[in-house]
Structures are given as C-alpha cells and as structure tokens.
Amino acid sequence: GFQSRGFELGYLEKVSEVKDTVHRQSLLYHLCQMVVEKFPETTDLYSEIASITRSAKIDFEELANSLVQLERRCRASWHNLKVIAKHETKPVLKTKLTEFLKDSTQRIIVLKVVHRRVLNRFHSFLLYLGYPASAVRDVKVTSICKLLQEFALEYRTCWERVLLQQKKRAAHRERNKTRGRLITETEKFSGIAEAVLPPAVVSSSPREQMEAGHESMKIVLTSPTDIPARRSRASQGTGHGTPTQGSPAQEDVPSSPDDASDEIMDQLVKSVTRNPNPRPCPNKERRRSRGNRKSCK
C-alpha cells in the first residue's frame, strides 16, 4: 500500500467497514493482529480511556449554557440583595444572604475556570492529533469523545477475537506434533512408563523375557483342563484304562514339549467342536406351514 503520515480522526468510523478482497477481513482486524504481534503487552484500549468514556456522556454545549445562566442569575441576585437591604431592618437576614451569594459566586468562578482548562486541554489534544489551529475551535468535544469510545469498543472486540484465534492455532500446532503417532510414542507416556516399570523388568535380557512369556502363556492355556487332557491322551494311547489309574502316574511324570503342544491342540479342537446349545431345526414346522397353504387358483 501507500505510505501515509496520518489520517483524519473521522476515518475511525470506517475502519471496521473496509475489508480486504482475499480473506474478507476488516482493516481493524489486520490492525489488531499487527499490534498484537509487534506489541504483545498492549491491552484492549477501552480500559485505558475511562476518562474519555465518561466525557462522552456529557453534553459540553449544555454545560457551557448552564454556567452562563448561573453567572447571570448570580448577578441578578446581587442586584436584588441591594434592593432588599434598603428596606430590610434585620441585619441577620442580610448577613446570611450576603454570605450565601459570596459562596455561590466563588463556586461559579471555580466551575468556569475548570471548564476553560478542560477545553484548553482538549484543544491541545486536537493539535497533537494533527488538527489545524483554525479548525480546533469548531470541533465539538462530545462528538470526538463518542467517536473514540465507539472505536475503542470495536477494537476490544476484535482484539479478543485475535487472541482467541492465536490460542486455537497454538493448540492445533500441538495436536499436529502427535498426529499419526501411537500413544506410547509420546513424551508424556514414555515418561510415565519409565516411572512405573520396575527395575527388574528393565534389566532383563530379551531372551529371558521371551522365555518367561512363553512359559506364562503355556500355563494359562493348560491350567483350566490339565488333568482331563492327560486322561484323554492316556486312554487314546493304551486303548483301555480307567481315569483313576492314569492320573497319579501322569502327575508325577513331567510332560515333554511335544506332549504339551498336543494337549493344547486337543483343547482347541474340543472347544471348536463342542456345541452345548444346539439350535433346533424347525423342518417339521416349515413343512406343516407349507401344507396349510391354500392355492389362489
């Protein structure tokens, strides 16, 4: 874009309406994003201009007219006091009225001084913003204060939205770091696993771990039906024999690896061929229902 040294203060009303042609974001959004990136310690601007927000609720033209009317009425009261003092014989009432008017006059003078100083500071503020000295007297205080208040409100809304989007993007980047990885591969899980595992398991060799896993699996598979499997194996080998005769001898004699694998295969075959709840076949009912049908011819 073009480089500019300044802008008119009234252009603040249009900052939220001007949008770019690519992302359709307002100029105020880009301004907030730039300020947050370059100056992250800045605030929402609205909380810093509380005095301007209060000044926007005051009508300075009506305030100037009220001060003029007070001064006019105070002068008229002094004139009326002189008239009353000619016909009033009681000095107490005259003293009280005089003190009251002096106090009122002093308060009106202080209010006029404060009003004049506030206007002088406002004019200095306009000169600081780049207004020409000839146009400073014609600018109204209330309109400028309202303009700054509305811009600060829009800036705060846009500033909060920019911060929320930055938090969402940071969370999205954190999720992408672990995307496509197992939970055991993350740093948090690996740290927990190292703290939970005992030192004996970590120090064992891979061959010992493999043998221990093989033995535990063989015990799990053969423990539920160990004695019946050996009985069936003994009965198949001899052809005759009672379970009471073969069981004590087989418990004492250790089984070889081939016998253990044969027993595992026998148990797997029995579990597959066993059918405790056979499904009844309703062939008769089907035939009966077909015989009861009548022809539509």
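Residues numbered from 1 in each chain as written. Predicted model: local features only at pLDDT ≥ 70, side-chain atom pairs only at ≥ 80, totals over all residues. Heavy atoms only, no water.

Engineer: Can you walk me through the overall build of the protein chain in this structure?
Structural biologist: Regarding its fold elements, the protein chain presents 13 helices and zero strands. Listing each helix as α and each strand as β along the protein chain from the N terminus yields α-α-α-α-α-α-α-α-α-α-α-α-α. Expressed as a percentage of the 297 residues in the protein chain, the buried residues total 17%. Sequence-distant contacts in the protein chain: of pairs separated by 6 or more residues, those separated by 24 or more amount to 67%. Summing over all exposed atoms, the protein chain offers an accessible surface of approximately 24,700 Å²; the carbon and sulfur share of this is 57%. (Helix = DSSP H or I, 4+ residues; strand = E, 2+ residues; numbered from the N terminus. Buried < 20%, exposed > 50% of the residue type's maximum accessible area, 1.4 Å probe, protein only. Contact = heavy atoms within 4.5 Å. Areas by Shrake-Rupley, 256 points an atom, 1.4 Å probe, with all protein chains shown as cover.)

Engineer: Quick question: what am I supposed to make of helix α3 (residues 60-87) here?
Structural biologist: Side chains three or four residues apart in an α-helix point the same way, a direct result of the helix having 3.6 residues per turn. With 28 residues, α3 should reach 40 Å at 1.5 Å per residue; the first-to-last C-alpha distance of 41 Å fits that figure. All buried positions along α3 are accounted for by F60, L67, C74 and L81. Buried residues along α3 sit in contact with α2 (50-55), α4 (91-129) and α6 (141-177). You can read the cap of α3 off the contacts: a side-chain oxygen lies 3.4 Å from the backbone nitrogen of E61, and it is on D59. (Expected span 1.5 Å × (residues − 1). Polar contact = N/O pair within 3.5 Å; in protein donor to acceptor, adjacent residues only side chain to side chain.)

Engineer: What's the story with the nonpolar core in this structure? I'm lost.
Structural biologist: Nonpolar side chains in soluble globular proteins tend to be buried together. In this structure, L9, L12, L28, C32, F122, I144 and Y155 are the most contacted members of the largest nonpolar core, which totals 24 residues. Residue assignment for this core shows that the elements contributing at least two residues are α1 (27-38), α4 and α6. It is α6 that contributes the most residues to this core, ten residues altogether. Look past the residues within four positions of Y155 in its chain and what remains in contact with it is L28, C32, V35, T43, D44 and L45. (Core = buried A, V, L, I, M, F, W, Y, C linked by side-chain atoms within 4.5 Å.)

Engineer: Help me understand unusual backbone geometry, please; the structure alone is not making it clear to me.
Structural biologist: As a rule of thumb, non-glycine residues mostly have phi less than zero, and peptide bonds are mostly trans rather than cis. Phi is positive for R24, which is not a glycine, with a value near 60°. Along the chain, R24 turns up in the segment before α1. The exposure class of R24 is exposed, given its relative accessible area of 56%. Positioned with a positive phi, L45 is a non-glycine residue whose angle comes to about 70°.

Engineer: For this particular structure, what's the right way to read a negative patch on the surface?
Structural biologist: Together, E13, E17, E150 and E154 give the surface a local cluster of negative charge. As for its placement among the helices and strands, E13 is situated in the segment before α1. (Patch = residues over 30% accessible without salt bridge, like charges linked within 9 Å, V, L, I, M, F, W, Y side chains within 5 Å. Salt bridge = Lys/Arg side-chain N within 4 Å of Asp/Glu carboxyl O. Lys, Arg positive; Asp, Glu negative; His and termini not counted. Charge placed at Lys NZ, Arg CZ, Asp CG, Glu CD.)

Engineer: What is the right way to read α1 from this model?
Structural biologist: With twelve residues, α1 should cover 16 Å at 1.5 Å per step; its first-to-last C-alpha distance of 17 Å lies within 8% of that length. For α1, every residue scored as buried is listed here: L28, Y29, C32, Q33, V35 and V36. Axial view of α1: buried residues confined to an arc of 165°, hence all on one face. The exposed set on the far side of α1, more than 90 degrees from its buried face, consists of E37 and K38. Packing partners of the buried residues in α1 comprise α6. (Arc of directions from axis to C-beta.)

Read these as geometric descriptors, not functional statements.
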